[in-house]
8 protein chains.
Amino acid sequence: MNMNHDMIRNILAAVQRGELDVEQAAGRLQDKGYIDLGHTKFDMHRVTRNGFPEVIYAEGKTPEQVGDIFERLRGESNVLATRVSPEMAEYVLRRCPHVRHNALGRTLASTCEDITPKPGAVAIVTAGTSDLPVAEEARVTCEMFGTRARVFSDVGVAGIHRLFDRLEDIRRADVVIVVAGMEGALASVVGGLVSGPVVAVPTSVGYGAALSGFSALLCMLNSCASGVTVVNIDNGFGAACAACRICSLNK
Amino acid sequence: MNMNHDMIRNILAAVQRGELDVEQAAGRLQDKGYIDLGHTKFDMHRVTRNGFPEVIYAEGKTPEQVGDIFERLRGESNVLATRVSPEMAEYVLRRCPHVRHNALGRTLASTCEDITPKPGAVAIVTAGTSDLPVAEEARVTCEMFGTRARVFSDVGVAGIHRLFDRLEDIRRADVVIVVAGMEGALASVVGGLVSGPVVAVPTSVGYGAALSGFSALLCMLNSCASGVTVVNIDNGFGAACAACRICSLNK
Amino acid sequence: MNMNHDMIRNILAAVQRGELDVEQAAGRLQDKGYIDLGHTKFDMHRVTRNGFPEVIYAEGKTPEQVGDIFERLRGESNVLATRVSPEMAEYVLRRCPHVRHNALGRTLASTCEDITPKPGAVAIVTAGTSDLPVAEEARVTCEMFGTRARVFSDVGVAGIHRLFDRLEDIRRADVVIVVAGMEGALASVVGGLVSGPVVAVPTSVGYGAALSGFSALLCMLNSCASGVTVVNIDNGFGAACAACRICSLNK
Amino acid sequence: MNMNHDMIRNILAAVQRGELDVEQAAGRLQDKGYIDLGHTKFDMHRVTRNGFPEVIYAEGKTPEQVGDIFERLRGESNVLATRVSPEMAEYVLRRCPHVRHNALGRTLASTCEDITPKPGAVAIVTAGTSDLPVAEEARVTCEMFGTRARVFSDVGVAGIHRLFDRLEDIRRADVVIVVAGMEGALASVVGGLVSGPVVAVPTSVGYGAALSGFSALLCMLNSCASGVTVVNIDNGFGAACAACRICSLNK
Amino acid sequence: MNMNHDMIRNILAAVQRGELDVEQAAGRLQDKGYIDLGHTKFDMHRVTRNGFPEVIYAEGKTPEQVGDIFERLRGESNVLATRVSPEMAEYVLRRCPHVRHNALGRTLASTCEDITPKPGAVAIVTAGTSDLPVAEEARVTCEMFGTRARVFSDVGVAGIHRLFDRLEDIRRADVVIVVAGMEGALASVVGGLVSGPVVAVPTSVGYGAALSGFSALLCMLNSCASGVTVVNIDNGFGAACAACRICSLNK
Amino acid sequence: MNMNHDMIRNILAAVQRGELDVEQAAGRLQDKGYIDLGHTKFDMHRVTRNGFPEVIYAEGKTPEQVGDIFERLRGESNVLATRVSPEMAEYVLRRCPHVRHNALGRTLASTCEDITPKPGAVAIVTAGTSDLPVAEEARVTCEMFGTRARVFSDVGVAGIHRLFDRLEDIRRADVVIVVAGMEGALASVVGGLVSGPVVAVPTSVGYGAALSGFSALLCMLNSCASGVTVVNIDNGFGAACAACRICSLNK
Amino acid sequence: MNMNHDMIRNILAAVQRGELDVEQAAGRLQDKGYIDLGHTKFDMHRVTRNGFPEVIYAEGKTPEQVGDIFERLRGESNVLATRVSPEMAEYVLRRCPHVRHNALGRTLASTCEDITPKPGAVAIVTAGTSDLPVAEEARVTCEMFGTRARVFSDVGVAGIHRLFDRLEDIRRADVVIVVAGMEGALASVVGGLVSGPVVAVPTSVGYGAALSGFSALLCMLNSCASGVTVVNIDNGFGAACAACRICSLNK
Amino acid sequence: MNMNHDMIRNILAAVQRGELDVEQAAGRLQDKGYIDLGHTKFDMHRVTRNGFPEVIYAEGKTPEQVGDIFERLRGESNVLATRVSPEMAEYVLRRCPHVRHNALGRTLASTCEDITPKPGAVAIVTAGTSDLPVAEEARVTCEMFGTRARVFSDVGVAGIHRLFDRLEDIRRADVVIVVAGMEGALASVVGGLVSGPVVAVPTSVGYGAALSGFSALLCMLNSCASGVTVVNIDNGFGAACAACRICSLNK
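Residues numbered from 1 in each chain as written. Chains lettered and ligands numbered in written order. Predicted model: local features only at pLDDT ≥ 70, side-chain atom pairs only at ≥ 80, totals over all residues. Heavy atoms only, no water.

Identification of chain A as PurE domain-containing protein from Desulfomicrobium norvegicum is taken from an unreviewed UniProt entry.

*Asks:* Which parts of the structure should I look at to understand the overall build of chain A?
*Replies:* A count of helical and extended segments in chain A gives 10 helices and 11 strands. Within chain A, buried positions represent 66% of all 251 residues. Put simply, 69% of the contacts in chain A that link residues at least 6 apart link residues at least 24 apart. Accessible surface, chain A as shown: approximately 8600 Å² in total, 51% of it carbon and sulfur. (Helix = DSSP H or I, 4+ residues; strand = E, 2+ residues; numbered from the N terminus. Buried < 20%, exposed > 50% of the residue type's maximum accessible area, 1.4 Å probe, protein only. Contact = heavy atoms within 4.5 Å. Areas by Shrake-Rupley, 256 points an atom, 1.4 Å probe, with all protein chains shown as cover.)

*Asks:* Looking at this structure, I do not really get the packing of helix H4 (residues 63–73) of chain G against helix H5 (residues 86–95) of chain G. What am I missing?
*Replies:* Any two packed helices are characterised by how steeply their axes cross, that is the angle between the axes, and by the distance between the axes. Residues and elements named next belong to chain G. Where H4 meets H5, the closest approach of the two axes is 9 Å, and the angle between their N-to-C directions is 40 degrees. Note that H4 runs across H5; the crossing there is right-handed. Where H4 abuts H5, its residues Pro63, Glu64, Val66, Gly67, Asp68, Phe70 and Glu71 lie against Met88, Tyr91, Val92 and Arg95. Its residues assigned to classes, the contact of H4 with H5 shows six nonpolar, one polar and four charged. (Axes fitted to C-alpha atoms, helices over the stretch in contact; angles between N-to-C directions. Left-handed = near helix turned anticlockwise from the far one by under 90°. Nonpolar A, V, L, I, M, F, W, Y, C, P; charged D, E, K, R; others polar.)

*Asks:* Where do I start with the interface of chain F and chain D in this structure?
*Replies:* How big an interface is tends to be stated in terms of the accessible area lost upon association of its parts. Counting residues at the interface gives 36 residues for chain F and 36 residues for chain D. When the buried surface of chain F facing chain D is broken down by residue, Leu221, Arg245 and Leu249 of chain F rank first, second and third, together holding 23% of it. Scanning the region where chain F abuts chain D turns up zero salt bridges. Inspection of the region where chain F meets chain D yields 10 residue pairs in polar contact (both at pLDDT 80 or more). When contributions to the side of chain F that touches chain D are tallied by element, the ones reaching two or more residues are helix H3 (46–50), helix H8 (186–193), strand E10 (198–202), helix H9 (214–221), strand E11 (228–230) and helix H10 (236–247) of chain F. Broken down by element, the residue count for the side of chain F that touches chain D peaks at six residues, all from H10 of chain F. Each residue belonging to the side of chain F that touches chain D can be placed in one class, and the counts come to 19 nonpolar, 13 polar and four charged. (Buried area = accessible area lost by both parts, 1.4 Å probe. Salt bridge = Lys/Arg side-chain N within 4 Å of Asp/Glu carboxyl O. Polar contact = N/O pair within 3.5 Å; in protein donor to acceptor, adjacent residues only side chain to side chain.)

*Asks:* Which parts of the structure should I look at to understand the domain arrangement of chain A?
*Replies:* Residue and element names in this part refer to chain A. If you check the domain split of chain A, you get domain 1 (32–110) and domain 2 (121–248). Look at where the C-alpha atoms of domain 1 and domain 2 centre, and you get two points 26 Å apart. In this complex, domain 1 contributes 17 residues to the contact, which on the side of domain 2 involves 15 residues. Taking both sides of the interface into account, the surface hidden between domain 1 and domain 2 amounts to around 1300 Å²; carbon and sulfur atoms contribute 69%. At the boundary of domain 1 with domain 2, the tally comes to one salt bridge. (Domains from an automatic or database assignment.)

*Asks:* Looking at this model, I keep getting lost on the relation of the copies chain A and chain C. Mind explaining?
*Replies:* The two chain copies are connected by a rotation around an axis plus a translation along it. Turning chain A through 90 degrees and shifting it by 0.0 Å along the axis lays it on chain C, with an RMSD of 0.0 Å. Look at the turn and shift together and you get a four-fold axis relating the two. Identified as the residue of chain A closest to the rotation axis by C-alpha distance is leucine 211 of chain A, at 7.9 Å. (Least-squares fit on C-alpha atoms with pLDDT ≥ 70 in both.)

*Asks:* It is not clear to me how the relation of the copies chain F and chain D should be interpreted in this structure. Could you clarify?
*Replies:* Once chain F is rotated about the relating axis by 180 degrees and shifted along it by 0.0 Å, it coincides with chain D to within an RMSD of 0.0 Å. The relationship between the two copies is best expressed as a two-fold rotation axis. Both copies present the same face, since 100% of the interface residues in chain F are matched by interface residues at the equivalent positions in chain D.

*Asks:* Sorry if this is basic, but what is going on with the sheet that holds strand E3 (residues 56–57) of chain G here?
*Replies:* Residues and elements named next belong to chain G. Across the sheet, four strands lie side by side as E3-E4-E6-E5; this open sheet has mixed pairing. What marks the edges here is a single partner per strand, and that holds for E3 and strand E5 (100–102). Bridging between E5 and strand E6 (residues 107–110) involves three bridges; their strand directions are antiparallel. From the neighbouring strand, histidine 101 faces E6, where its bridge partner is leucine 108. (Pairing = 2+ DSSP bridges.)

*Asks:* What's the story with the pattern of salt bridges in this structure? I'm lost.
*Replies:* A side chain of one charge can pair with a side chain of the opposite charge if their charged atoms are brought near each other. Using the criterion set out here, one finds 80 salt bridges over all chains in the structure. For aspartate 169 of chain B, the salt bridge goes to arginine 172 of chain B, with nearest N and O atoms at 2.7 Å. For aspartate 169 of chain B, a relative accessible area of 26% corresponds to the partly exposed category. One salt bridge in this structure joins arginine 106 of chain C and glutamate 137 of chain C, with 3.9 Å as the shortest N-O distance.

*Asks:* How should I be thinking about H5 of chain G in this particular structure?
*Replies:* Every α-helix carries 3.6 residues per turn, so stepping three or four residues along brings you back to the same face. Residue and element names in this part refer to chain G. Turning to H5, its buried residues number three or more, namely Met88, Ala89, Tyr91 and Val92. Axial view of H5: buried residues confined to an arc of 165 degrees, hence all on one face. For H5, the exposed residues lying more than 90 degrees away from the buried face are Pro86, Glu87, Glu90 and Arg94. (Arc of directions from axis to C-beta.)

*Asks:* Any chance you could explain the nonpolar core here in plain terms?
*Replies:* By size, the foremost hydrophobic cluster in this structure holds 268 residues, and its most contacted members are Leu186 of chain A, Leu186 of chain E, Leu186 of chain G together with Leu186 of chain H. Filtering out sequence-adjacent residues up to four positions away, leucine 186 of chain A remains in contact with Val125, Thr126, Ala127, Val155, Gly156, Val157, Leu163, Val178 and Ala180 of chain A. (Core = buried A, V, L, I, M, F, W, Y, C linked by side-chain atoms within 4.5 Å.)

*Asks:* Sorry if this is basic, but what is going on with the pairing of strand E4 (residues 79–82) of chain G here?
*Replies:* Residue and element names in this part refer to chain G. Alternating positions in E4 separate into two faces, Val79 and Ala81 on one and Leu80 and Thr82 on the other, with burial throughout. For E3 and E4, the ladder comprises two bridges, and the chain directions are parallel. Along E4, the bridge assignment pairs isoleucine 56 with alanine 81. Read from E3 through H4 to E4, the crossover connection turns out right-handed. (Right-handed = clockwise from strand over helix to strand, strands pointing away.)

*Asks:* Whenever I open this one, the confidence of the model for chain A confuses me. Can you help?
*Replies:* Parts of the prediction with low pLDDT should not have their coordinates interpreted in detail. Overall, the prediction assigns chain A a mean pLDDT of 86, with 82% of residues at 70 or greater. Here the predicted complex carries an ipTM of 0.85, next to a pTM of 0.88. (pLDDT = per-residue confidence, 0-100.)

*Asks:* Explain the packing of aromatic side chains to me, please; I cannot follow it from the model alone.
*Replies:* Aromatic ring pairs: the centre-centre distance and the angle between the two ring planes describe each pair. Counted under the stated rule, the structure contains 12 aromatic pairs over all chains. For arginine 83 of chain B, the ring lying beneath its charged end belongs to tyrosine 207 of chain D, and the centroid distance is 3.5 Å. (Phe/Tyr/Trp six-rings, centres within 6.5 Å; stacked < 30°, edge-to-face > 60°. Lys NZ or Arg CZ within 6 Å of the ring centre and 35° of its normal.)

*Asks:* I tried to follow the environment of leucine 163 of chain B on my own but got confused; where do I start?
*Replies:* In this structure, leucine 163 of chain B sits in helix H7 (residues 161–171). Beyond its immediate sequence surroundings of up to four residues, leucine 163 of chain B is in contact with Val155, Ile170, Leu186, Val189, Val190 and Leu193 of chain B.

*Asks:* Even after reading the chapter, I still don't get the pairing of strand E7 (residues 121–126) of chain H, so can you show me in this structure?
*Replies:* A regular strand carries its side chains on alternate faces of the sheet. Residues and elements named next belong to chain H. Extensive coverage of E7 is indicated by the burial of six of its six residues. Where burial is concerned, the two faces of E7 agree: the one with Ala121, Ala123 and Val125 and the one with Val122, Ile124 and Thr126 are both buried. Sheet topology note: the E7/strand E8 (residues 148–152) ladder contains five bridges and is parallel. Note on E8: the bridge partner recorded for valine 125 is phenylalanine 152.

*Asks:* For this particular structure, what's the right way to read the sheet that holds strand E3 (residues 56–57) of chain H?
*Replies:* The pairing of strands in a sheet happens through backbone hydrogen bonds and is either parallel or antiparallel. If you trace the four strands from one edge of the open sheet to the other, you get E3-E4-E6-E5 (chain H), paired in mixed fashion. Each edge of the sheet is formed by a strand with only one pairing partner; in this case those strands are E3 and strand E5 (100–102) of chain H.

*Asks:* Help me understand the interface of chain A and chain C in this model?
*Replies:* On the chain C side, the residues contacting the 20 residues of chain A number 25 residues. For the pair chain A and chain C, the two sides together bury roughly 1700 Å², of which 51% comes from carbon and sulfur. Ranking the residues of chain A by area buried against chain C places Thr129, His161 and Tyr207 of chain A at the top, with a combined share of 38%. Viewed at the interface, chain C and chain A are joined by zero salt bridges. Here the side of chain A that touches chain C gets four residues from one element, more than from any other, and that element is helix H7 (residues 161–172) of chain A. The residue makeup of the side of chain A that touches chain C, split by class, is nine nonpolar, seven polar and four charged.

*Asks:* Please explain the UniProt feature "domain: PurE" (unreviewed entry) in chain A as it appears in this structure.
*Replies:* According to UniProt, the positions carrying the feature "domain: PurE" (unreviewed entry) are residues 120–249 of chain A. Structurally, residues 120–249 of chain A is divided into 41% helix and 19% strand, and its ends, taken at the C-alpha atoms, are 9 Å apart. (UniProt positions renumbered as here; feature names shortened; annotations may be inferred.)

*Asks:* Looking at this structure, I do not really get the environment of alanine 123 of chain E. What am I missing?
*Replies:* All names here are of chain E. Tracing the chain through its elements places alanine 123 in strand E7 (residues 121–126). Exposure remark for alanine 123: the relative accessible area of 2% places this residue in the buried category. In this structure, the C-alpha to C-alpha distance between alanine 123 and serine 110, residues 13 residues apart in sequence, is 24 Å. If near-sequence neighbours (up to four positions away) are discounted, alanine 123 is found in contact with Arg150, Phe152, Ile170, Ala173, Val175, Val176 and Ile177.

Next up, the structure:
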């Protein structure tokens, strides 16, 4: 595997801007496909292999480790971190002021160059207000990957006229992401009303028999609307990745 | 507790018809509140205590035991048995030709007097064709308890226009029973569209993550439509009991 | 769907009291069936569709979002919020002093007009003292919906004479809500002793094999007393909704 | 560990009756504490260590293996086998006509000497008719161990007057075994009404959310009546063992 | 909603071929959006709403019901039935000789006109030989929907060189369906090696801790390869629907 | 039901000591079988019905409620509260200095008269040091009920010689309570080595697949040593109740 | 990767014996690392990569597929198939008379050359007679891989003296495989008594709370004896593989 | 059982160093096989029985108890404690300054003599950075037991080239420990690529359907790579014990 052009160009530009010296740049151009930070091997070839850069799953990492990655990749690669706690965000922002924090979506992001817009559009539909953080994680991820995305919130099935009001707009999207907790019925209803791919994200909204999102997950896996696919509970990021993978077919 | 008038009248009428002799009738009038068949104590006072006669849960009983009960209560009480296997039905019908079998709903029933119609009407709504056996068990139970019931089948949410077509009729019922397997989303959608009580029955229709009805059960317990209540998986009988209890308030 | 008379009258009265100006009122009278607060689409037609106003499920919402709703609907609609944390309650009360907090039942409520009493009466029976918060949530909900409700606490089956002492009173209610944790056996016992509808609420009281309320939930779903229906764990609100839906049949 | 007197006496008596020759008897008197049948090491000292002989758990053994054990121990030890399928019973009876089969309780038993009655009495109470096989397994086990036992069937909580009718008799027992499926509530009610030890046996009677007996099991483990202990689902044998262990204290 | 041109054309052509008389055709042209067979409302508009015709889920239906549908829709619509038992297949083939049976994939299919090939190609990859029935169900479904699909079987991760051998070909597809039981690890490995959308189908292959497919399901939901989406256990049909929805974007 | 002599004597003695005035005492002597504190109906007859006084389950109650009970029953009844948090203990001790706190066993207790020693002895055996809090809860409960109990700690099966060292002493007890977390194997080993009743208490000690005590619970329910009975996870109190019920047979 | 010498030698020998013609042999020598039978890619390099040949997991394969593999690999490779049903065994034996069937262990095996004995010895210890089929599967697997193995059956913890009798012999093995169902306690006890590696195999022996082997599985995973590792339920084959991998270190 | 030479030598050396007086030393030489600290019986013979000293499982113990053990065994035995909270570490370090804390691996350790290196080498491979604490626990344990171990971190299957880069080195180890959360697929991939024993440790890394490590656990138990064995979730210690038991065979 070879480095792709963007990566090489980014390293050279970083030298030009004085952010890397010649030795460091040389080291990086001797490409092993990942950057080795000791604790982490950041996969630089993922963009070549499956079209999207590696993203940091922040849970279970220390603030220091996440800070290291943002610092190290500055000026070389766009970076996104998901499931960032407020404390971690605060630490990283203090250390790397170029990073942007999205508190609702619990993400950190830094961009070293403009993101080229890709074709395709994603509609992110939520059952209730409490599903917004997951929807926002999905929206930010699409944005980082260059795909247009729009959130339609609080259109759950208990008041189904709210959904019908927005249906025209939702149908215009190439892919629909449905974000719903509790019984997750919205995925089946939307799946029966649109013709494009539907990616369902169960959320941990609810209590008791909601089983921290498992009821919604099971519901969505059993959807009577054929062609609905499902990702992990609260995994707005994964749904967005799937949606972006789908949109990039659409050339 | 005393015997109620219907019971006493039934015993006397059976004497008159020669179906009971004087000794037997005397024994029965010394009322202990149940009829003791050795293996089974058939609760004769349940109708007084909670408005509906005891019903035989046939699963786990032998054909002989169920046959005993139908034979013993002949001419004295209306009797309903649920979850009857084809083999048991065949045995009981051979022994008690007065009993009626409903193969789809898996019930046996015998009536010793006309069932007095009660006020109220029940709509039984199913998501798919495969949910019909459970719906039929519910319908037969309502009928045995004197409550009008009508089945609206195959109106699941994957083709939601089928539901809207029948909505007027469904709304006319006092109580709606929703019978659905797989993801069970129909309960939430119906619960959001009608104003009366909704009793949801999850069914074991589906496979894999349907978990033999548990996905639908969990889905219904988490319904975002407030006021939906739930009974056990495949329990059409229980849903009908609840519906009939509700309808009898409506005087 | 049209707005109902109460809603229109409330908006006009708010203009009269100077709480809304003409522009705002006009906007609201152009009715889309819900009020759009950005994060939330508050369903104003639910009262028309299923007889009871939408209620705020506060868990997973921010104090600010809940405060927005109370502020926005002031003078226009009665509002109830459930599962309110102490911190959220404190915030909302500071911002909206017209709101009333019930700490035991974890609710916030505001009324813009007197609640018209509806027919019917609900008995709320608890197994133990620790089940009281859920019972209280049910009681407050009934009250907001205009239905009379009375709590009978600590009559669990381990000392069954306590239940028999109150049975007369309990039987007088149209609907009985049974609130019980641990093994939840009270629902079956009550279901066998009364003739009206019984709605069972499992609670998360207990530990270990109580499985955060799942043992009680399973127990109640398997009730040998026919006609007991069940709602989600700790869902006093949902049980009350079901009870009120049932009582409104009783005209 | 030494052989106990009963064992030695039994071996000698078998020699006397010509059922064992001197060689075989000698081998058996060189006691290793178990009889080695190749596939099975039948624990002969268990009666010394914990008061009751080893019993054959027939499930998962072949009819031949079970037949070997009955044949080998004939005239030497009382033998009980539980969870015997009809096919296995037929095979063993053909080979060992001295063995007795209890079809309802699914046991095989042979006795080589009269069973000495032990003090104490056990009441076995069942919720429904379908729980009888488990109750019968418990009754047969008690009988084989010399302890008096009596079954009180079909006194479940949905018609609680049936239980109160038998309460006097039940209270007279030293230990009460409660056998119940579905929601298993009977254990708590009985546990609250008697002062002696209560051993609860959940049964797999029920369907759907009965979870093959797990609902009853969980219910019983959470019993609000203190001092109820529980054995495995359908384990009438184990409950009887526990009851007999308890009764033998009572000297 | 209006009928689409294909449907109308099909009805008219059936009249021309003498398969429908004028009355029947007229009835069908008065379109309610579904065909009502009493037990089943076959959704004819699904093709308009979400691009693919309704498919019969045969499990839980009687052979007669499935036969009715094939007979009724003959010459009017392409029909696919999934999860067909051998007995049902035999019955339907006897009654409707125009129907084709795929024994491995457990499907029945009939076509009334040539299927127009759609753009896009699907690779169906299986971990082991035992996963083939599910893969075949997916392949047949793609074929019925006009989408090209090819199966790459037995390339599981325990011998990962088998996968690398086929990787070139797999990467050429627009969508990859990964079918795997046991631990389901293949989905993550493939998801890390291709850039297009990956739909994972867990299968019930395995035993013990395979939990009838739940281990593979959980594994796939947790895939560390971002953008893998999942459908129900053994749901080859659903995966194919999703893949076809995705391919139709690709114009 | 009548009050028992102890209760009446206690009330009179409290009058004599000036702790109750005549009015209060009169009220209490008009016995309803429980003391009604509004939130709680303290069951005073339980001692008559099943031999042991009611005990306060403190979890889910407020410190105030528990304080009320100790205050109200002072001088009238011995009182035990279990599962008491440190905060609750602090509050109650401040308000009722006569109450004794056991921090390890998480209990509060007050005695108004000397506890009469009962016959029988209980051995409480723990697998590890981390099981001690549950063992201590059991020990304190036995003590409050007048039954002798002794703890044998840290004799788990990974070093089985530690158990054999104590076996003589353990065998001397009438009942053995086995307290074990993780895999709970100790119950089977002990059950195979003693002849008296064995009550097993699974504990929540362990992590991961210990499933908060469920692994130990399942292990114990499946014990191959016949006659082992089981109580809820961490339920030292319940095991002690069962042991005391058993010991009181032993007269 | 290159073919190893054994494989090449086997192919040439098969040519010599006339079992393969030159064309076939040439095809096989152009080695892709697996043999492609259409439905199956039989991994021929596994022996090089991880020391043991691939083994056929027969469940979910058709008798024809398994027969194909035995036929195709005849004279070229030793072959073992596990979890073979009686029907499949019958079919394969008819077609390939050189194959040997082990009915108890449910295996089929064929050898084309003598198996070279490897160093090391394995003790396979079972808790009860019902665990023998799994133990036998393990024993046959060891034998096919050239490792000595011996079964010690029915030494479960309920009669722990049976284990101590065999301990000397068991300790002599390099690796101990413990096969146990129900509560699986034997693994912990053995793990505490031997110093070598212990591989635990839970079996599905038991009922109710045995959860088809999950109780034993959980028990073994929580073993307080450090260094016990676990394989899937009933997976005697996997345990043997692990044991053989371990023994081959021992050179 | 006798004390082993190391233990005796250690006690004498401690007397020589003045850390123990003669009385204490005498007491310790009267060996019961464990040291009795009241709350804990520290098993001193475990090293004789199964080759490795007992290790303190700190969770559920108080800091005081753990401090007691380190203090008591000082100069007499090497001691390792696992799952140590930061608070406990702080307390113990203050009291016993000779103890070393590993914060990442959550261990405390003290050595009274040099650890003799044992033969064999262990490779510890992690899927991601978040799995490092568990890997570190394993590494420290190996080190305390004298076995060489090396960590290869962050080589998960989503970027499989990272693993191939390190494969040479990994293959050189005698035993491979694979530490992975989420879907745990790395165990199967590694198991297919190496020929030595593989011990898999699932970790609780992940969220939602990761089920706190159960998905990885199930995945690993179902590994299609034969011969992979599994330990409890997050149990780095147990995996290291197993690896060391295996390595000690290798003499």
